[in-house]
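Architecture at a glance
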Amino acid sequence: LQALDGTPAATQLQADISGAGHMSDWVSERLASLGTLKARNHGFVTSADYRALLGSAHVCMALQDPEGRYSNFKTPSKIYEFLGYGKAVIATQVGDIADIPSTAMIALNRLDSAEIAMHLERLSNAPDALAALQAAARQHSVAHFSYEGVGRRLACLFEKDPS
């Protein structure tokens, strides 16, 4: 967000951060230093407030250090929630994110603020690209994570079982 603050995109973007953790104070301090870009750290929010934030979002991010100790074992479940809501998603390559096609989300190989800023700026300037990414996210979720999609995959497992 700091990298975007001095750019023309800063007037088009608004960032809403929810959740809390050991770096919440650090995040709030960084947000206070922004001059143009509107950003707010909401901390923990009610379910209703979270749904409202998610409903108004165009792009959602889940950034976990791909070189961290849980990088290969824990995929942030929020990624799947964001895809299911048809949001454009920017996430780091952790857990099983590599299984999601690049047409359905933006997966970063490393946690790099310049690259994140570049993707946010590009999406803010290209409404057609944003809409296409959102549609692809929703289509991927319906095909792979809906009851029907999961049911088809489970049925294939039983059909192949010789017993």
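The notes below deal with the structure included here. Computed from a predicted model, the values in this text were never measured in an experiment.

**Remarks on the overall build of the protein**
Within the protein, the regular secondary structure consists of seven helices and five strands. For the protein, the N- to C-terminal ordering of α and β elements is α-β-α-β-α-β-α-β-β-α-α-α. When its C-alpha atoms are laid out on the principal axes, the protein stretches across 65 × 35 × 35 Å. In the protein, which comprises 163 residues, the share counted as buried stands at 31%. In the structure as shown, the protein presents an accessible area of about 10300 Å², 54% of it carried by carbon and sulfur atoms. Averaged over its 14 positive side-chain charges, the protein has a centre that lies 4 Å from the centre of its 17 negative ones.

**Focus: the packing of aromatic side chains**
Applying the stated criterion across every chain yields a total of one aromatic pair. Each ring, one from Y80 and one from F145, has its centre 5.2 Å from the other, and the planes form 85°; the classification is edge-to-face. Of this pair, Y80 sits in helix α4 (residues 78-84) while F145 sits in helix α6 (residues 127-145), and the two are 65 residues apart along the sequence. For F145, a relative accessible area of 37% puts it in the partly exposed group.

**Points about the nonpolar core**
Among the nonpolar cores identified, the biggest contains 18 residues, and L4, L37, I90, I106 and L123 are the most heavily contacted of them. When residues of this core are traced back to their parent elements, those giving at least two are β4 (88-92), β5 (106-108), α5 (113-125) and α6. Of all the elements, α5 adds the most residues to this core, at four residues. Setting aside residues no more than four positions away along its own chain, L4 makes contact with A9, A10, L13, L37, A117, L120 and E121. Within the second largest apolar cluster, 16 residues are counted, among which are Y50, F82, V89 and I100.

**A look at the pattern of salt bridges**
Applying the stated rule across the entire model yields two salt bridges. Across the salt bridge formed by K78 and E81, the nearest N and O atoms sit 3.0 Å from each other. Of this pair, K78 and E81 both sit in helix α4, three residues apart, roughly one helical turn. For K78, a relative accessible area of 36% puts it in the partly exposed group. Of the charged contacts, one joins D112 and R110 as a salt bridge, the two residues approaching to 3.6 Å between their closest N and O atoms. With a relative accessible area of 19%, D112 lands in the buried category.

**Brief notes about the packing of α5 against α6**
Interhelical geometry of α5 versus α6 gives an angle of 105° and a closest axis separation of 5 Å. Judged by the angle between their axes, α5 and α6 are roughly perpendicular. Seen from α5, the contacting residues are R122, L123 and N125; seen from α6, they are P127, A129, L130 and L133. When its residues are assigned to classes, the contact of α5 with α6 shows five nonpolar, one polar and one charged.

**Here we look at the pairing of β4**
A regular strand places its side chains on the two faces of the sheet in alternate fashion. Within β4, five of the five residues are buried, which leaves it mostly tucked inside the rest of the structure. Here β4 shows no split at all, with A88, I90 and T92 on one side and V89 and A91 on the other all buried. In the sheet, strand β3 (residues 59-62) pairs with β4 via four bridges, with the strands oriented parallel. In the sheet register, A62 faces β4, and the bridge partner there is A91. As for the winding sense of the linkage, the β-α-β connection from β3 through α4 to β4 is right-handed. In this sheet, β5 lies alongside β4 in parallel orientation, the contact comprising three bridges. By the bridge assignment, A91 is partnered in β5 with A107.

What counts and how
- Residues numbered from 1 in each chain as written.
- Predicted model: local features only at pLDDT ≥ 70, side-chain atom pairs only at ≥ 80, totals over all residues.
- Heavy atoms only, no water.
- Helix = DSSP H or I, 4+ residues; strand = E, 2+ residues; numbered from the N terminus.
- Buried < 20%, exposed > 50% of the residue type's maximum accessible area, 1.4 Å probe, protein only.
- Areas by Shrake-Rupley, 256 points an atom, 1.4 Å probe, with all protein chains shown as cover.
- Lys, Arg positive; Asp, Glu negative; His and termini not counted.
- Charge placed at Lys NZ, Arg CZ, Asp CG, Glu CD.
- Phe/Tyr/Trp six-rings, centres within 6.5 Å; stacked < 30°, edge-to-face > 60°.
- Core = buried A, V, L, I, M, F, W, Y, C linked by side-chain atoms within 4.5 Å.
- Contact = heavy atoms within 4.5 Å.
- Salt bridge = Lys/Arg side-chain N within 4 Å of Asp/Glu carboxyl O.
- Axes fitted to C-alpha atoms, helices over the stretch in contact; angles between N-to-C directions.
- Parallel < 35°, antiparallel > 145°, perpendicular 65-115°, else oblique.
- Nonpolar A, V, L, I, M, F, W, Y, C, P; charged D, E, K, R; others polar.
- Pairing = 2+ DSSP bridges.
- Right-handed = clockwise from strand over helix to strand, strands pointing away.

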